[in-house]
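Each chain, letter by letter, is given below.
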Amino acid sequence: MSRLCSKGLLRAFKDKEVIQKRFGVSVRVKPIPDNDIEGAMDTRVYKSTRSTAFFMKLVPKGLFKFNNTPKSLARIRKIFDSVDSHSMDLDVSKESFEITSFDGTAIPMHRFESKHTLDDAPVLYFIHGGGFFAGSTNVISEAVSLLVENTGIIAYAIDYRLAPENPFPTGHKDVLAGLESIFEKEGKKVFVTGDSAGGNLSVYCSNQHPEMVKGQLLLYPTLNMGGIKDDYVDYSVDDIPVYEKHKKLIMPGILIFQQAAGLMAELLAVDDMMNQDLTPYIDVSPLSPPTYISVGEHDFLSIESIAYARKLRDLDVYCDVAMYSGMGHAYIDKVGVYPQAEDCINEMGEFILRYSNND
């Protein structure tokens with residue numbers, strides 16, 4: 001198994017973990033393993049972001065401006081679709097096939113299994129992120145493989161149709177068809193998981209078919225696209241710890257989610273985000289399964305993610321929240337590069353195995 005970050009960094013997450021209140025909720029905070037400065041960027045993220053920022057200074061302004069045009073979409077998709085994980089040399093098989101979606105369209109599905117699959121193995125359904133308009137199973141393939149290798153579970157991942165070519169609710173209905181297909185094939189409840197937009201799609205599956213879902217694992221999910229304001233989300237970017245010397249690099253990543261709301265509505269071809277499917281925060285179900293949420297300290301979505309956790313807990317639904325200090329958005333797809341990615345996968349495995357026997 002190959003990695004660019006040492007196992008010592010992984011051990012430090014457990015050694016340094018603390019329980020803290022963030023946005024009014026008790027969460028497990030996982031400090032940067034090799035940096036104790038409050039609000040600082042993780043060392044590895046800092047190096048990467050600083051290099052990107054330097055490059056952007058050399059590029060003419062407007063070249064990377066994102067809008068809903070084929071040229072702009074192609075450019076941003078190329079970035080989103082890049083595979084940033086470091087190969088871990090895993091012995092995991094991947095079988096690709098197709099399922100039939102709601103309208104008869106064939107949708108690619110992938111099944112991951114290791115040579116030491118558990119008897120009566122738990123089943124995980126992984127839904128990739130990418131803002132509903134980008135991303136693919138390739139991006140998270142290494143993460144899924146590592147999770148399967150570590151635990152002996154079986155995992156599925158779907159390449160649902162993307163906006164704007166396929167407007168809402170096409171992608172949502174594709175992933176629901178995927179859940180139904182897996183449930184029928186495996187004959188048991190499954191765990192659902194997804195990163196960012198994939199987290200939104202995972203909650204959609206849980207809400208639509210609670211009888212098919214054993215647990216949900218939400219990685220920096222987008223849950224309040226309608227921008228609901230209540231006491232649980234009565235926080236701002238000023239409430240996010242930011243080290244002053246890193247502020248110029250941290251803030252653009254936080255503010256981008258505030259600025260993207262209008263564009264997302266255009267991409268999804270909806271007039272109003274205020275519906276249960278795009279904004280599950282509207283009405284959190286007491287039938288929600290046990291939930292694990294992982295989020296970065298410098299991710300603006302951390303506010304709505306933790307608010308969702310608070311709503312679940314108020315309904316007596318179990319919800320574990322882990323926050324990585326010094327991290328922003330999107331780290332699960334950087335296995336072998338960011339130690340947080342591997343630690344998150346370890347946590348996901350522990351959660352799945354712990355709740356696999358729950359009825």
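Residues numbered from 1 in each chain as written. Predicted model: local features only at pLDDT ≥ 70, side-chain atom pairs only at ≥ 80, totals over all residues. Heavy atoms only, no water.

Student: How should I be thinking about the pairing of strand S9 (residues 291-296) in this particular structure?
Tutor: Successive residues of a regular strand alternate their side chains across the two faces of the sheet. Among the 6 residues in S9, 6 count as buried, and that is most of the element. Where S9 lies against strand S10 (residues 319-324), 6 bridges are found, and the strand directions are parallel. Of the residues in S10, the one forming a bridge with Thr291 is Cys319. After leaving S9, the chain enters helix H9 (residues 301-314) and then returns to the sheet as S10, a path that is right-handed. (Buried < 20%, exposed > 50% of the residue type's maximum accessible area, 1.4 Å probe, protein only. Helix = DSSP H or I, 4+ residues; strand = E, 2+ residues; numbered from the N terminus. Pairing = 2+ DSSP bridges. Right-handed = clockwise from strand over helix to strand, strands pointing away.)

Student: Would you explain the side chain of Ser206 in this entry?
Tutor: Looking at the element boundaries, Ser206 is found in helix H6 (residues 197-208). In this structure the side chain of Ser206 is engaged in a polar contact, spanning 2.8 Å, whose partner is the side chain of Gln216. Not counting residues within four places of it along the chain, the set of residues in contact with Ser206 comprises Val192, Val213, Gln216 and Pro289. (Polar contact = N/O pair within 3.5 Å; in protein donor to acceptor, adjacent residues only side chain to side chain. Contact = heavy atoms within 4.5 Å.)

Student: Can you walk me through the pattern of salt bridges in this structure?
Tutor: Close approach of charged atoms lets side chains of opposite charge pair. Inspection of the entire model under this criterion finds 21 salt bridges. When the shortest N-O distance is used, the salt bridge between Glu297 and Arg22 registers 3.3 Å. With Glu297 in the loop between S9 and H9 and Arg22 in strand S1 (residues 18-22), this residue pair connects regions lying 275 residues apart in the sequence. Grouping residues by exposure puts Glu297 and Arg22 together as buried. (Salt bridge = Lys/Arg side-chain N within 4 Å of Asp/Glu carboxyl O.)

Student: Can you walk me through a negative patch on the surface in this structure?
Tutor: Among the surface-exposed residues, Asp231, Asp234, Asp238 and Asp239 lie close enough to one another that they form a single negatively charged patch. Position of Asp234 among the secondary structure elements: in the loop between strand S8 (213-219) and helix H7 (247-259). (Patch = residues over 30% accessible without salt bridge, like charges linked within 9 Å, V, L, I, M, F, W, Y side chains within 5 Å. Areas by Shrake-Rupley, 256 points an atom, 1.4 Å probe, with all protein chains shown as cover. Lys, Arg positive; Asp, Glu negative; His and termini not counted. Charge placed at Lys NZ, Arg CZ, Asp CG, Glu CD.)

Student: How should I be thinking about the sheet that holds S8 in this particular structure?
Tutor: To summarise the sheet geometry, strands pair through backbone hydrogen bonds and adopt either a parallel or an antiparallel arrangement. Taken together, 10 strands build an open sheet; the order of strands is S1-S2-S10-S9-S8-S7-S5-S6-S4-S3 and the sheet is mixed. Edge positions in the sheet fall to S1 and strand S3 (92-100), since each of these pairs with one other strand and no more. Along the sheet, successive strands turn relative to each other by an average axial angle of 25°, direction set aside. Contacting strand S2 (25-30), strand S5 (123-127), strand S7 (190-195), S8, S9 and S10, helix H10 (residues 339-355) crosses the sheet at an angle of about 165° to S8. (Axes fitted to C-alpha atoms, helices over the stretch in contact; angles between N-to-C directions.)

Student: It is not clear to me how the packing of helix H1 (residues 7-16) against H10 should be interpreted in this structure. Could you clarify?
Tutor: Helix-helix packing is characterised by the crossing angle of the two axes and by the distance between the axes. Closest axis-to-axis distance for the H1/H10 pair is 9 Å, and the angle between their directions is 60°. Judged on the interaxial angle alone, H10 and H1 are oblique. In this structure, the crossing between H1 and H10 has a hand that is right-handed. Seen from H1, the contacting residues are Leu9, Leu10, Phe13 and Lys14; seen from H10, they are Pro339, Gln340, Glu342, Asp343 and Glu350. Here the contact of H1 with H10 is built from residues that sort into 4 nonpolar, 1 polar and 4 charged. (Parallel < 35°, antiparallel > 145°, perpendicular 65-115°, else oblique. Left-handed = near helix turned anticlockwise from the far one by under 90°. Nonpolar A, V, L, I, M, F, W, Y, C, P; charged D, E, K, R; others polar.)

Student: I tried to follow the packing of aromatic side chains on my own but got confused; where do I start?
Tutor: Aromatic ring pairs: the centre-centre distance and the angle between the two ring planes describe each pair. Summed over all chains, the structure comprises 10 aromatic pairs. Centroid distance Phe97 to Tyr156: 6.4 Å. Interplanar angle 90°. Geometry classified as edge-to-face. Here Tyr156 lies in strand S6 (residues 154-158) and Phe97 lies in strand S3, a separation of 59 residues in the sequence. Taken together, the ring pairs connect Phe191, Tyr292, Tyr318, Phe351 and Tyr355 into an aromatic cluster. The ring of Phe97 carries Lys185 above its face, with NZ or CZ at 5.6 Å from the centroid. Positioned over the ring face of Tyr281 is Lys311, at 3.8 Å from the centre of the ring. (Phe/Tyr/Trp six-rings, centres within 6.5 Å; stacked < 30°, edge-to-face > 60°. Lys NZ or Arg CZ within 6 Å of the ring centre and 35° of its normal.)

Student: Explain H9 here, please?
Tutor: A turn of α-helix holds 3.6 residues, and therefore any two residues three or four places apart point the same way. Taking 1.5 Å of rise per residue, the 14 residues of H9 would be expected to cover 20 Å, and the 20 Å separating its terminal C-alpha atoms lies within 8% of that figure. Judged by how many residues are buried, H9 sits mostly within the fold: 11 of 14 residues are covered. Every buried residue belonging to H9 is among Leu301, Ser302, Ile303, Glu304, Ser305, Ile306, Ala307, Tyr308, Ala309, Lys311 and Leu312, and all of these are buried. Asp316 occupies a position one or two residues after H9 and carries a positive phi of about 65°. (Expected span 1.5 Å × (residues − 1).)

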